[in-house]
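# Commentary on secondary and tertiary structure
Listed below, chain by chain, are the residues.
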There are 2 protein chains.
Amino acid sequence: MTQRHRPTIHEVAKVAGVSISSVSRALNGNTSNADMVARVNAAVQEVGYVPSMVAQSLKTRHTGQVAFAMEDIGNAAYLEMVRRIQPTLREVGYRLLLHSTGADAEDELGVLASLSQNYVDGLILCPLRVTGRHVEALRHPAVPVVVIGLLPDDVPVDNVRADSRVGARMAVEHLHEAGARRIAFIDGPLDTVPGRARHDGYRMGLEACGLKPDDHLIRFADFQFEGGRHSARDLLTQHPDVDAVLGANDLIAMGAMHALRELGRHVPGDVRVVGMDDTPLAATSFPPMSSVSLGSADRGRIAAELLLRRLDGDGSPPERVTVPPSLTIRESSR
Amino acid sequence: MTQRHRPTIHEVAKVAGVSISSVSRALNGNTSNADMVARVNAAVQEVGYVPSMVAQSLKTRHTGQVAFAMEDIGNAAYLEMVRRIQPTLREVGYRLLLHSTGADAEDELGVLASLSQNYVDGLILCPLRVTGRHVEALRHPAVPVVVIGLLPDDVPVDNVRADSRVGARMAVEHLHEAGARRIAFIDGPLDTVPGRARHDGYRMGLEACGLKPDDHLIRFADFQFEGGRHSARDLLTQHPDVDAVLGANDLIAMGAMHALRELGRHVPGDVRVVGMDDTPLAATSFPPMSSVSLGSADRGRIAAELLLRRLDGDGSPPERVTVPPSLTIRESSR
DNA sequence: GCACACCTCGGAAACGTTTCCCAGCATCCC
DNA sequence: GGGATGCTGGGAAACGTTTCCGAGGTGTGC
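What you see is a predicted model; the values in this text were computed from it and never measured. (Residues numbered from 1 in each chain as written. Chains lettered and ligands numbered in written order. Predicted model: local features only at pLDDT ≥ 70, side-chain atom pairs only at ≥ 80, totals over all residues. Heavy atoms only, no water.)

## Considering the overall build of chain A
Convention followed: Put simply, DSSP marks the helices as runs of H or I at least four residues long and the strands as runs of E at least two long, and each gets a number from the N terminus on. In this treatment the radius of gyration is a C-alpha quantity, and the globule benchmark scales as 2.2 Å times the residue count to the 0.38 power. A contact between two residues is defined here by any heavy atoms of the two lying within 4.5 Å. The accessible surface values rely on the Shrake-Rupley method and a 1.4 Å probe; as for residues, cover is taken only from the protein chains in view. By the counting rule applied here, Lys and Arg register as positive and Asp and Glu as negative, while His and the ends of each chain are not counted. Charged groups are reduced to one reference atom each: NZ for lysine, CZ for arginine, CG for aspartic acid, CD for glutamic acid.
The helix and strand tally for chain A stands at 13 helices and 12 strands. Since a compact globule built from 334 residues should have a radius of gyration of about 20 Å, the 26 Å found for chain A marks it as more spread out than a globular shape. Counting only C-alpha atoms, chain A reaches 85 × 40 × 35 Å along its principal axes. The long-range share in chain A, meaning contacts at least 24 apart out of those at least 6 apart in sequence, stands at 68%. Here chain A displays about 14,100 Å² of accessible surface, and carbon together with sulfur accounts for 51% of that area. If the 36 positive side-chain charges of chain A are averaged to one point and the 41 negative ones to another, these points end up 4 Å apart.

## Focus: the protein's contact with DNA strand D
For clarity, the cut-off: When at least one non-hydrogen atom of a residue lies within 4 Å of a molecule or strand, that residue is treated as near it. Under this definition, polar contacts are N or O atom pairs within 3.5 Å; protein pairs additionally need one hydrogen-donor-capable and one acceptor-capable atom, and for neighbouring residues in sequence, both atoms have to be side-chain atoms.
If you check the shell around DNA strand D, you find 29 residues, and the closest are Ser24(A), Ser22(B), Ser32(B), Asn33(B) and Lys59(B). Among all atoms of DNA strand D positioned within 4 Å of the protein, those belonging to sugar or phosphate total 59%. Interatomic distance of 3.1 Å between a side-chain N/O atom of Gln56(A) and a phosphate oxygen of DNA strand D. Here a phosphate oxygen of DNA strand D and a side-chain polar atom of Ser22(B) are 2.4 Å apart.

## With respect to the protein's contact with DNA strand C
Contacts to DNA strand C come from 29 residues, most closely from Ser22(A), Ser32(A), Asn33(A), Lys59(A) and Ser24(B). Sugar plus phosphate: this is where 57% of the atoms of DNA strand C within 4 Å of the protein reside. Within the backbone of Ile9(B), one N or O atom sits 2.8 Å away from a phosphate oxygen of DNA strand C. At a separation of 3.5 Å, a base oxygen of DNA strand C approaches a polar side-chain atom of Lys59(B).

## Quick look at the sheet that holds strand E12 (residues 326-328) of chain A
Residue and element names in this part refer to chain A. Selection criterion: Strands are labelled as partners when DSSP assigns at least two bridges between them. Comment: axis = line fitted to C-alpha atoms, over the contacting stretch for helices; angle = value between 0 and 180 degrees taken between N-to-C directions.
Spatially, E7-E6-E8-E9-E10-E12 is the arrangement adopted by the 6 strands of the open sheet, whose pairing is mixed. Whereas interior strands pair on both sides, the edge strands pair on one side only; in this sheet they are strand E7 (218-220) and E12. Within the sheet, the average angular offset between the axes of one strand and its neighbour, ignoring direction, is 20°. Each of strand E6 (183-187), strand E8 (244-247), strand E9 (272-276) and strand E10 (290-293) is contacted by helix H11 (residues 250-262), which is oriented at about 160° to E9, the strand it contacts most.

## A look at the domain arrangement of chain A
The condition that has to hold: Where a domain begins and ends is set by an automatic assignment or by a domain database.
Domain parsing of chain A yields domain 1 (9-51), domain 2 (65-163 + 296-325) and domain 3 (164-293). Here the C-alpha centre of domain 3 of chain A lies 64 Å away from the C-alpha centre of domain 1 of chain A.

## Section: unusual backbone geometry
As a rule of thumb, non-glycine residues mostly have phi less than zero, and peptide bonds are mostly trans rather than cis. A cis amide bond links Val267(A) to the next residue, Pro268(A), at an omega of 5°. For Pro268(A), the position within the fold is in the loop between H11 and E9. The peptide bond linking Phe286(B) to Pro287(B) adopts the cis configuration, its omega dihedral lying at -10°. Within the secondary structure layout, Pro287(B) lies in the loop between helix H12 (280-284) and strand E10 (290-293). The phi dihedral of Asp277(B) falls on the positive side, at around 105°, and the residue is not glycine. Summarising the element assignment, Asp277(B) is placed in the loop between strand E9 (272-276) and H12. Positive phi is not limited to glycine here, since Asp278(B) has a value of about 50°.

## Focus on the relation of the copies chain B and chain A
To keep it simple, the criterion reads: Alignment of copies: least-squares fit on C-alpha atoms of residues with pLDDT of at least 70 in both copies.
For the match of chain B to chain A, the screw axis carries a shift of 0.2 Å, the RMSD comes to 0.3 Å, and the turn is 180°. Taken together, these values place the two copies in the relation of a two-fold axis. Scanning chain B for the C-alpha nearest the rotation axis identifies Leu97(B), at a separation of 2.2 Å. Both copies contact each other with a shared surface, as 100% of the interface residues of chain B are interface residues in chain A too.

## Comments concerning helix H4 (residues 53-60) of chain A
Condition: Whether a residue is buried, partly exposed or exposed follows from its accessible area with a 1.4 Å probe, protein chains only, as a fraction of its type maximum: under 20%, in between, or over 50%, in that order. Each direction from the helix axis to a C-beta atom contributes to the arc, which is the arc of those directions.
Those residues of H4(A) lying buried are Met53(A), Val54(A) and Ser57(A). Summarising the axial view, the buried residues of H4(A) lie within an arc of 95°, below the 170-degree limit, and thus occupy one face. Here the buried face of H4(A) lies against strand E2 (95-100) of chain A together with helix H4 (53-60) of chain B. Just past H4(A), the residue Arg61(A) takes up positive phi, approximately 65°.

## A look at the interface of chain B and chain A
How big an interface is tends to be stated in terms of accessible area lost as the parts join. As a reminder of what qualifies: For any pair of parts, buried area is found by adding up, for both, the accessible area (1.4 Å probe) each one loses once the two are put together. Any carboxyl oxygen of Asp or Glu within 4 Å of a side-chain nitrogen of Lys or Arg constitutes a salt bridge here.
Across the boundary between the two partners, chain B contributes 45 residues, which contact 45 residues of chain A. Both faces combined, the contact of chain B with chain A buries some 4,100 Å², and carbon together with sulfur accounts for 63% of it. Where chain B touches chain A, the interface holds 4 salt bridges. Here Arg83(A) makes a salt bridge to Asp72(B), at a shortest N to O gap of 2.9 Å. The tally of links from chain B across to chain A stands at 19 residue pairs in polar contact (both at pLDDT 80 or more).

## Here's the deal with the pairing of E2(A)
Remark: a regular strand shows side chains that alternate across the two faces of the sheet. All names here are of chain A. Heads up, the rule is: We call a crossover right-handed when, viewed with both strands directed away from the observer, the connection leading from the first strand over the helix to the second proceeds clockwise.
Among the 6 residues that make up E2, 6 are buried, leaving the element largely enclosed by the rest of the structure. Relative to E2, strand E1 (residues 65-70) runs parallel, the two being bridged by 6 bridges. Residue pairing for E2: Ala69 is matched across the bridge by His99. With respect to chirality, the unit in which E1 leads through helix H5 (residues 76-91) into the neighbouring parallel E2 is right-handed.

## So, the side chain of Gln86(B)
Along the polypeptide, Gln86(B) turns up in helix H5 (residues 76-91). Under the relative-accessibility criterion, Gln86(B) is labelled buried at 6%. Polar side-chain contacts of Gln86(B) include one of 3.2 Å to the backbone oxygen of Leu98(A). Of the polar contacts made by the side chain of Gln86(B), one reaches the backbone nitrogen of Ser100(A); its length is 3.5 Å. Beyond its immediate chain neighbours, meaning those up to four positions away, Gln86(B) contacts Leu98(A), His99(A), Ser100(A) and Leu96(B).

Right, here's the structure in full:
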């Protein structure tokens, strides 16, 4: 930790025998004199100069940083997004800041507020719940913001959506087609955006198939494995006639598969199972589990691209992109 | 994107009728005059002032940011680390920058070099392979660095290690104790740090159990599911007497479990399986899979704590912490 | 040969903070 | 009551860049 003095542009200028303005110009390609450029570069090498990001940011008013805020990066869907967002941004020189807010709406708002500190040029936000205060904060963001997730139509912000309502519906229709008639649903909390949408989709699916919705066949877990397992055990004990379970995400569905196994029910023979998000968990489970992909990776990529356009100065009206879901059918529901 | 003028400390000073020095002091708690503080705060509220992070960084010479660089955040072990590093840093006000280098040594070196741009106060690095150039770059880092992973002893950098050699050995001993005699091993690439260590541990384990190492029972995959599956299929076809498989990580082991199932071999009846890293995959697989935890979360937390100490100005000699492995026994090896 | 345009480069002003330094004032002690 | 002491708050410098502006030099056209 020997605090060696970091060389500045002034030292470079002195060594090269030119002014600091010339150094700056030479380094930023704003000069045509080849000799000058050569001398500056030589001096840069000699003193080991590296420009200070911070000073540049102060002057140029942009930081080369973008933040991504979501509930928990441990969630596979968000993980997939990060994996696409990072390279997309990186390609054009942006760094990625991660905010795992831990499902704390207060924290999300904090992130939004902290944008005025100007430490990032833009934000990609994945709110789990959208409150009035979110909407308020999003009306006048200090920097461009792209929201992944459902948003009221009048919020003037680029918005990338999954259609998990349609996704849930597709799953139900598929299960029906495969022969299921008593299709249960283990949802996440109803006050979350995805929980609500999937619930609606489930009901729409039932109706489309001519099945009568039965609230007793709906359970609520917390998007986690244990919740799914517990709910499924409960469900199947009380309603042994259930012949299919849709989980609001793969973790829930995996939990359900475990519960079924513990109850001695065969998947898919006795009960079919479908999950959502199509995470690696689904493909590697046994039996491999059908799952509705909500295009997390695509949503991440698209969000990053939208943001980059804004950062490039695009002032066109906010865009709204919806990524269609797709169902991957595997053994668990055949 | 109406570029409203962001209020600066000067505006606050004007509104409060004091000097900018007083505003700064009031905001940073370096004044005792309650009246002054109140007036400044009122002015801050009135004009909606938020300090510019960038200007502060330039002046104070620290950014409140820390970078974490690893191969791929999709890897569950790194993910666990991030999940612990972020809150630990956040608690004391640091933001986390993510660098997923994609196993590109060049990129890792780039991150190391870019540290002199001073956009972060510190770095936590997880190199997959450690080259001479890594070591060279680590000798004079521009900011404090903590390395998670094996490092030559003479590199003067805080270092947090897993003991995956001992971990692999524990797994072998456990399998032997459970009755296995032909224990196969599907490793990652030998030229990676963990690949090498686990290989050594596997052999140590065999010797400790009095089993004769047989190179035919070793396969190499790429730490991925498909690699594990393919290797296991191959292995079991050529050596049907194999009665246990150790995977160098959970993905490999999961792949092996699938291959076994496809070959009609029962787990654990015919073949026992143990994975490594103890990711959620292990706990949610069927049958639940034994796995050696290498303490990823702990390593992340410890690395963050070490770094924070350095950022606090601790100048003591570099520390080396080794996190002991622990084996979680589940059905797959009972 | 001179006026003019053009280009190159240096000086200096910003960007928005923190902090050093010092003047002014009140307090205290002898 | 006067000088030393301590505290408070203002002015200004500094952090390390980019960029505006203008001076000087060079080339061109008449």
